[in-house]
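# Chain and residue survey
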Amino acid sequence: MPSRNLLLALTAGVIAVGLSIIAAHAQAPAALTGQVSSAAEGPMEGVVVSAKRDASTLTISVVSDNTGKFSFPASKLEPGRYSLAIRAVGYDLDGPKTADVAAGSTATADIKLRPTRNLAKQLTNAEWLASFPGADTQKKTLLNCIGCHDLDRIITSTHDADEFVQAFDRMTGYYPGSTPQHPQRLIGDARRNLGAAAGVKAMAEYLASVNLSRDEVWDYPLKTLPRPQGRATRVVITEYDLPRKQIQPHDAIVDSDGMVWFTHFGEQFLGKLDPKSGGVSEYPLPVIKPGYPIGTLDLETDKAGNLWIAMMYQGGVAKFDKKTGTFQTWKVPQQWQTDATQQAFLTPAYSHVDGKVWVKNSDRAQILRLDPATGEWENLGSFKDPSNNRTITSYGIPADHDNNLYLLDFSSSNIGKLDAKTGNLTVYRSPIANSRPRRGRVDEHNRLWFAEYAGNAIGMFDPKTEKIEEWVLPTPWAQPYDVVTDKNGEAWTGSMLSDRVSRLNPKTGEFVEYLLPKTTNIRRVSVDNSTTPVTLWVGSNHGASIVKVEPMD
């Protein structure tokens, strides 16, 4: 029986180690603890509790567990007075609203909540869509609205259908990175496409049926999403305020030194956040097309660690050398330039294979290729879906390990693969119809991971089997924007509508969804694999902040 005794001993050892890890987490020094409760529910699980020290640019948040308890690690809160806030749909903070944290001791704040008087103000975009009457096809027309503003701007309006059509016409003339405080008009005949007139009219009529154009109150019940539970409560979230409210961090990525770099969607800068100090540096990007809208979108890295930036309506791309702090730019050749020339996406990730950087020109859905060494450009033109001869309008152009290009067709469910050597295109279709794939990344196994915006799913294409696998998010109307995988093989995505970031274990199909403390319009997601567990970084594109999500398991 020696083998049985050895097995029992090993099992006991594993259990002991596991219990010691759990105990270590439980016994970690706390700076601030307490319990969240309300008269209606008693102790409340899944309430996001936030603390911000006076004069600080950092907000730290934790989530209450199944007994209503919450705890801020001592390593996260410096001594000082903190303002407290909560997020729990249907409730407001009743008190206390401040807490004093002292070095070497644990402060206590038992938080009381009361029913909110203004539920509509708390609803996320996802909850508004869940509340609206009508078919999903009608609701999905609004997925194009939340890039520039939240749905409450529409819902609280009193526009009728004709007035909405007029508003749409005005909006087509604005740069996508415009805000009400900082609008930028497109130049000349450049316009953003809203689709056929019949579809625009139908969309206007639908919006007028769900806003306040007919009555002073909405004639449909407001629906809310459940609060986090279980593993979704085991997280610490840090929000770093950026120095100006008009900063729109579109793509935020972390480098090997732990610095977070981000593009400014409405300004001509590259930004850098030092998470240790909270300090923000901004590097002015050259203006290469004077008089045209400024702002950048895609931020990528090459094998050498250089940062590459898609310069949108400036009509070109830039490379930033972190060592020298200098930019090099390449302008799209003049013969291909129009008022609508727009470089939203590029991919230098595998440019070391053949010396070529792929670039998307949204004007006429063109695929360009740049040789940075010579400055020469190639224009491969646009590509068609062979089944219907419709132009593929890619929203994201990740490359594989051989620098072949993927076209994520945002107008259908197509994934196109462009052979870098032959120029031949092969089209694959995801099982979810009209899933609108976007952004994404190729993993270490050369598999393509991508978001399915209209499919509310994460997709993965395996070039070995030429099959697409999909995982639908558990939260309705999450509509993911981007996907990245971590060192453990898990996939991460962020929602532009539900204020949640999602973590998928592809082997089990299990999702964990972490609710963020504030309304957060998320675009790019980036993982820091140097930490254990891994750390997720996102930009709050409408909130002028960078958000760090640290799971505890």
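Everything discussed here concerns the structure shown above.
Cut-off values and rules
Residues numbered from 1 in each chain as written. Predicted model: local features only at pLDDT ≥ 70, side-chain atom pairs only at ≥ 80, totals over all residues. Heavy atoms only, no water. Pairing = 2+ DSSP bridges. Helix = DSSP H or I, 4+ residues; strand = E, 2+ residues; numbered from the N terminus. Axes fitted to C-alpha atoms, helices over the stretch in contact; angles between N-to-C directions. Salt bridge = Lys/Arg side-chain N within 4 Å of Asp/Glu carboxyl O. Buried < 20%, exposed > 50% of the residue type's maximum accessible area, 1.4 Å probe, protein only. Expected span 1.5 Å × (residues − 1). Contact = heavy atoms within 4.5 Å. Disulfide = S-S within 2.5 Å. Phe/Tyr/Trp six-rings, centres within 6.5 Å; stacked < 30°, edge-to-face > 60°. Lys NZ or Arg CZ within 6 Å of the ring centre and 35° of its normal. Polar contact = N/O pair within 3.5 Å; in protein donor to acceptor, adjacent residues only side chain to side chain.

This brings us to the sheet that holds strand β37 (residues 545–551). Spatial strand order, β8-β6-β3-β4-β11-β37-β36-β35: eight strands in an open sheet with antiparallel pairing. Looking at strand neighbours, the two that pair on one side only are β8 (98–101) and β35 (525–528), the edges of this open sheet. Sheet twist, expressed as the average angle between the axes of neighbouring strands with direction ignored, equals 25 degrees. Bridge count for strand β3 (residues 48–53) against strand β4 (residues 58–63) is four bridges, and the pairing is antiparallel. Directly across from V49, in β4, lies its bridge partner V62.

As a further point, take the pairing of β3. Successive side chains on a regular strand alternate, one facing one side of the sheet and the next facing the other. With antiparallel pairing between neighbouring strands as the criterion, β3 and β4 make up a hairpin whose turn holds four residues, including A55 at a positive phi of roughly 70 degrees. In the sheet, β3 pairs with strand β6 (residues 80–87) via six bridges, with the strands oriented antiparallel. The residue bridging V48 from the neighbouring strand is R87, located in β6.

For the structure shown, the criterion picks out 32 salt bridges. One salt bridge connects R114 with D92, and the closest N-O pair in it is separated by 3.7 Å. In this pair, R114 is assigned in strand β10 (residues 111–115) and D92 in strand β7 (residues 91–95), connecting sequence segments 22 residues apart. For R114, a relative accessible area of 31% translates into the label partly exposed.

If you check helix α7 (residues 197–210), its first and last C-alpha atoms are 20 Å apart, about what 14 residues at 1.5 Å a residue would give, namely 20 Å. Among the residues making up α7, those that are buried are V200, M203, A204, Y206, L207, A208 and V210. Packing partners of the buried residues in α7 comprise α4 (136–140), α5 (152–155) and α6 (161–171).

Inspection of every chain in the model, using the stated rule, returns zero disulfides. Unpaired in terms of disulfides, C145 finds its nearest cysteine sulfur in C148, a separation of 9.0 Å. In this structure C145 comes out as buried when scored by relative accessible area, which is 11%.

The strand order across the open sheet formed by four strands is β16-β17-β18-β19, and the pairing between neighbours is antiparallel. Both outer strands of the open sheet, β16 (299–301) and β19 (326–331), are each paired with one neighbouring strand and no more. If you compare each strand with its neighbour and ignore which way they point, the axes differ by 25 degrees on average. In the sheet, strand β17 (residues 307–310) pairs with strand β18 (residues 316–321) via four bridges, with the strands oriented antiparallel. Following the sheet pairing, A310 is matched in β18 by V317.

Applying the stated criterion across every chain, the model contains 22 aromatic pairs. Measuring from centroid to centroid gives 6.5 Å for F132 and Y206, while their planes differ by 80 degrees, and the two rings are edge-to-face. In this pair, F132 is assigned in the loop between α3 (125–131) and α4 and Y206 in helix α7, connecting sequence segments 74 residues apart. Assigned by exposure class, F132 and Y206 land together as buried. Across from the ring centre of Y174, 4.5 Å away, lies the NZ or CZ of R185, which sits over that ring. Its end group placed over the ring of F410, R436 keeps NZ or CZ at 4.0 Å from the ring centre.

Let us look at the environment of S105. Mapping S105 onto the fold places it in the loop between β8 and β9 (107–108). With 400 residues separating them along the chain, S105 and N505 place their C-alpha atoms 38 Å apart. Excluding residues that lie within four positions of it along the chain, S105 makes contacts with A30 and A31. A distance of 3.4 Å separates a polar side-chain atom of S105 from the backbone oxygen of A102.

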